[in-house]
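# Notes for the structure review
These are the residues of each chain, in order.
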Amino acid sequence: MVKDLSIQLFGLTLRNPVIAASGTFGFGTGFDFDVNAIGGIALKGTTAEARPGNPCPRVADCTAGMLNSVGLENPGIEVLVREKVPALREIYSGVVIANIGGFSAEEYAFCCTRADESEGIDIIELNISCPNVHAGGAVLGSDAVATAGVVRAARKTVRRKPLVVKLSPNVTDIAAIGRICEKEGADGLTVANTFLGMRIDLKTGKPVLANTFGGFSGPAIFPLALRAVWQVSHACGIPVIGCGGVSSGKDVMEMMMAGASAVQVGAASIRNPRACITIINELACMKK
Amino acid sequence: MKTMDYTILENRCIARQVFRLVLAADTADFEPGGEFVNLALDGFFLRRPLSVCDSAPGRLTLLYKVAGEGTEALRGMTPGMRLNLLTGLGKAFDASRCERRALLVGGGLGAAPLYPLCRELAAAGKEMTVVLGFGSAEDIVLENEFRALCPDTRIVTMDGSAGTAGLVTDALKELSPAFDFYYTCGPAVMMRAVCAQLGTNGQASLEERMGCGAGYCWCCTCKTTGGPRRTCTDGPVFDADKIVW
C-alpha cells in the first residue's frame, strides 16, 4: 500500500510535504521522470521584465554545497503566465508556486497581480531575499521598513491566492522580519534563501564568481536553515516552509520537527535531478 | 537527460595530464547521444561536465585533463569502480550543415567532441580537413584516430615540438583549406579567433562552469545575438554568427 504523505497547506492539498525550491528546478518541464510525485514545484524567480542575469562564471563548487550568482535571469512575468505555467500544467497536477522577484514595491505588485490572475498558479512566493542582485532582492528583505512596504503592496494585489514571503537568512533577526511579514498579511513564510558567500581561485587570487559574492546552498547550510525555521516558526503564527540544505527524508522530518509545515528541496536537485523523488521515497519508508 | 550508472573499464593517462576514461553502462545497449555528460564524484557537490569523445551501445569514452580537485580525484579512480552520470546532455555539432567539405579546428581537449563529428562526416562521405592545436608534442591526443578517418589531419603545436609551429590560426592562414562549413572546439580565446578568421559559416562548442548541466538552474548562460542562452541545453554548440564573444 502506498503511504499517505499528504498535507494541507493554506487550504490546498499537497501529495507530500516536498516542494522543489525556486531556481533549482527550472519551470518544472524537461525532466526524464514524472514530476507528479512531487508535492509542489516553485518556479524560477520571475521579474516584471526579462533579465539576462549576472556575468559568468556564476556557479562554484564548495564543500557540501555550491554558490550561485545567477542574478534572477528570467523571461519576465508575461512569458511565465502565458507559456511556462501552461506548459507545466500540461504535465503536472500538483501545487505550483510562482516565485516573484523585483526591485521596487511597484514591480512586486505588478508581477503579483499577473500571477494572482493566472489559473495555473496556486501559491505566490515573494522573493525578497535574492542575494545576487545589487538593488531589490535581499536589500529589501534585510530592511524592516522596505520589507513591510513590499509585502503590503503585494498583499493588496494578491487577493485569490496564498501569499508566502521567502526570507533572507542574511539578517540579524530573521524572526523579526518574519513577524513584519505576518503583520502585513502574509499567509506563510519560506525560511530561507541562500547564505551570502564567496570563493577565491588560488591560482589567480581572484573571486571565482564574476559577481564576487553568491548564494551558498547545499547540505552544509542545513543546520543554519533549521535554526532559522525554529526561530521563525516559534515567533510567528503563520505556516513556515523550510528550505535550506535538505537532502534526505530524515532532513525533511527534522525540519518539520523544527516547525516547518512543508519543506523545499533546492541544491540537492542540482546534483541529482531526481533528488525530490528520492527524498519522497525515503519519507514514505520512514513516516509512522 | 537520463541518469545512468557506469562501471570504469579504463582510466589511463594518454597525454600530459590527460586521461582516457572508458565506461560501461549498466544497461548494455544504452547509448546516450548528446554532446556531453555530467559526472558525479564522491566528496564533490557539483557534477563535472565532460564532452563525449566516443560512444557505442553500452559504452562511453571521455577524455579529461586534470585541472582541479575534481579531476584530480577522478584520476585516482580505477577499473571496476562506479560512476553516476547524467547523460545525453547538450546539442552536438550538426554534421548535416556541411554540404561537401568540412573544416574541423580543435584546440587541446577540444579535439574530443570533434571526433564523433569527424566519424559522422566521414560516414556521410564528406571531405574534410582537420587542424588540431596543442601546447606541445606531449599534449597531443587523438591524432591517429583522426588520421584514420581523415588523411588531411594537421597537427599544430605552440612550441613547435610537433607538426607546424604556432597557433591554429597561423596554420589556417597558411593552409587556407577549402570548406563550406567549419566546426571548432577549444579554449574560448582560440575559438573566438578561429570564428573571426573563418567567418559565419560554422559552429563552435562553448564551455562554461555548469550547475545542473541539464537546463534547469541557469548557471551557465552565454550571450548570443538572440539574447542569453543556456550553454548546457541551448548549446554548447552554437552557430558562429550567433555567438557574442
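Just so we're clear, the structure is a prediction, and the values are computed from it rather than from any experiment.

## So, the overall build of chain A
Scanning chain A from N- to C-terminus turns up nine helices and 14 strands. For 288 residues, the compact-globule estimate of 2.2 N^0.38 gives 19 Å, and chain A sits close to it at 17 Å. Structurally, chain A occupies a C-alpha span of about 55 × 45 × 40 Å along its principal axes. In chain A, which comprises 288 residues, the share counted as buried stands at 60%. Pairs at least 24 apart in sequence give 69% of the contacts found in chain A among residues at least 6 apart.

## Here's the deal with the nonpolar core
One finds A:I100, A:L126, A:L167 and A:V191 to be the most contacted residues of the largest nonpolar core, which totals 87 residues. Here this core spans two domains, since at least three of its residues come from each of domain 1 (2–89) and domain 2 (95–242) of chain B. Excluding anything up to four places from it in sequence, A:L126 contacts A:I100, A:Y108, A:C112, A:V150, A:V151, A:A154, A:L163, A:V164, A:V165 and A:K166. Counting residues in hydrophobic clusters, the runner-up holds 31 residues, among them B:A102, B:A112, B:C150 and B:Y183.

## Describing the interface of chain A and chain B
At the interface, 35 residues of chain A touch 25 residues of chain B. Buried area between chain A and chain B, summed over both chains or domains, comes out near 2400 Å², and the portion from carbon and sulfur atoms is 60%. Taking the shortest distance from any N to any O, the salt bridge between B:R48 and A:D61 comes out at 2.6 Å. Viewed at the interface, chain B and chain A are joined by 14 residue pairs in polar contact (both at pLDDT 80 or more). For the side of chain A that touches chain B, the secondary-structure elements that each account for two or more residues are β5 (59–62), β6 (65–68) and α8 (267–271) of chain A. Counting residues per element, the side of chain A that touches chain B draws most heavily on α8(A), at five residues.

## Brief notes about the domain arrangement of chain B
Many structure descriptions define interface size as the accessible area lost when the parts assemble. All names here are of chain B. What the domain assignment reports for chain B is domain 1 (2–89) and domain 2 (95–242). For domain 1 versus domain 2, the distance between C-alpha centres works out to 21 Å. With 20 residues of domain 1 in contact, the opposing surface of domain 2 contributes 22 residues. Each partner contributes to the roughly 1600 Å² buried at the junction of domain 1 and domain 2, and carbon and sulfur atoms together form 58% of this total. At the boundary of domain 1 with domain 2, the tally comes to three salt bridges. A salt bridge links E138 to R16, with the nearest nitrogen and oxygen atoms 3.0 Å apart. Scanning the region where domain 1 abuts domain 2 turns up five residue pairs in polar contact (both at pLDDT 80 or more). Those elements giving two or more residues to the side of domain 1 that touches domain 2 turn out to be β1 (2–15), β2 (18–25), β3 (36–40), β4 (48–56), β5 (59–65) and β6 (82–89). Sort the elements by how many residues they give to the side of domain 1 that touches domain 2 and β4 lands first, with six residues. Partitioned by chemical class, the residues of the side of domain 1 that touches domain 2 number twelve nonpolar, three polar and five charged.

## Here's the deal with helix α2 (residues 111–123) of chain B
Along an α-helix, a turn takes 3.6 residues, which lines up residues three or four apart on a common side. Helix length check: α2(B) (13 residues) gives 18 Å between terminal C-alpha atoms against 18 Å at 1.5 Å per residue, within 8%. Once α2(B) finishes, B:G125 follows within two positions and takes phi at roughly 75°, a positive value.

## Some points on the pairing of strand β12 (residues 214–217) of chain A
All names here are of chain A. Strand direction decides the pairing type here: β6 and β12, joined by three bridges, are antiparallel. Residue pairing in the sheet places M66 in a bridge with S217 of β12. Summarising the sheet, strand β11 (residues 195–197) and β12 pair through three bridges and their orientation is antiparallel. Residue pairing across strands places F195 opposite F216, the latter belonging to β12.

## Digging into the packing of helix α4 (residues 144–157) of chain A against helix α5 (residues 174–183) of chain A
Residues and elements named next belong to chain A. Running from N to C, α4 and α5 cross one another at 30°; their axes reach a closest spacing of 9 Å. Here α5 runs roughly parallel to α4, going by the angle between their axes. The two elements α4 and α5 cross, and the hand of that crossing is right-handed. Residues A144, T147, A148 and V151 of α4 form the contact with α5, whose own contacting residues are I177, I180 and C181. Residues that form the contact of α4 with α5 fall into these classes: six nonpolar, one polar and no charged.

## Focus: a nonpolar patch on the surface
Together, A:L196, A:M198, A:I200 and A:F213 make up a nonpolar patch on the protein surface, roughly 360 Å² of accessible area in all. You can call A:I200 partly exposed: its relative accessible area is 47%.

## Comments concerning the sheet that holds β1(B)
Residue and element names in this part refer to chain B. Read around the closed barrel, the six strands follow the order β1-β2-β5-β4-β3-β6; overall the barrel is antiparallel. The average angle at which neighbouring strand axes cross in this sheet is 45°, direction not considered. Lying on the sheet, α2 is in contact with β4 and β5; it crosses β4 at an angle near 25°.

## A few points about the environment of A:E282
With respect to the element layout, A:E282 can be found in helix α9 (residues 275–286). Contacts of A:E282, omitting those with residues within four sequence positions, involve A:S248 and A:G249.

## Considering the packing of aromatic side chains
The description of an aromatic ring pair uses the distance of the two centres, along with the angle that the planes make with each other. Scanning all chains against the criterion turns up ten aromatic pairs over all chains. Where A:F27 meets B:W218, the ring centres are 5.5 Å apart and the plane angle is 80°; that geometry is what we call edge-to-face. Remark: B:W218 occurs in the loop between β12 (202–205) and β13 (221–224) and A:F27 occurs in the loop between β3 (18–20) and β4 (40–42); the pair is interchain, linking two chains. Residue class for B:W218 comes out buried when judged on its relative accessible area of 12%. With a centroid separation of 5.5 Å and 50° between ring planes, the pair formed by A:F31 and A:F33 is classed as tilted. When sorted by exposure, A:F31 lands in the same class as A:F33, which is buried. Following the ring pairs from residue to residue traces out a cluster consisting of A:F25, A:F31, A:F33 and B:Y216.

Analysis parameters
- Residues numbered from 1 in each chain as written.
- Chains lettered and ligands numbered in written order.
- Predicted model: local features only at pLDDT ≥ 70, side-chain atom pairs only at ≥ 80, totals over all residues.
- Heavy atoms only, no water.
- Helix = DSSP H or I, 4+ residues; strand = E, 2+ residues; numbered from the N terminus.
- Rg over C-alpha atoms; globule rule 2.2 N^0.38 Å.
- Buried < 20%, exposed > 50% of the residue type's maximum accessible area, 1.4 Å probe, protein only.
- Contact = heavy atoms within 4.5 Å.
- Core = buried A, V, L, I, M, F, W, Y, C linked by side-chain atoms within 4.5 Å.
- Domains from an automatic or database assignment.
- Buried area = accessible area lost by both parts, 1.4 Å probe.
- Salt bridge = Lys/Arg side-chain N within 4 Å of Asp/Glu carboxyl O.
- Polar contact = N/O pair within 3.5 Å; in protein donor to acceptor, adjacent residues only side chain to side chain.
- Nonpolar A, V, L, I, M, F, W, Y, C, P; charged D, E, K, R; others polar.
- Expected span 1.5 Å × (residues − 1).
- Pairing = 2+ DSSP bridges.
- Axes fitted to C-alpha atoms, helices over the stretch in contact; angles between N-to-C directions.
- Parallel < 35°, antiparallel > 145°, perpendicular 65-115°, else oblique.
- Left-handed = near helix turned anticlockwise from the far one by under 90°.
- Patch = residues over 30% accessible without salt bridge, like charges linked within 9 Å, V, L, I, M, F, W, Y side chains within 5 Å.
- Areas by Shrake-Rupley, 256 points an atom, 1.4 Å probe, with all protein chains shown as cover.
- Phe/Tyr/Trp six-rings, centres within 6.5 Å; stacked < 30°, edge-to-face > 60°.

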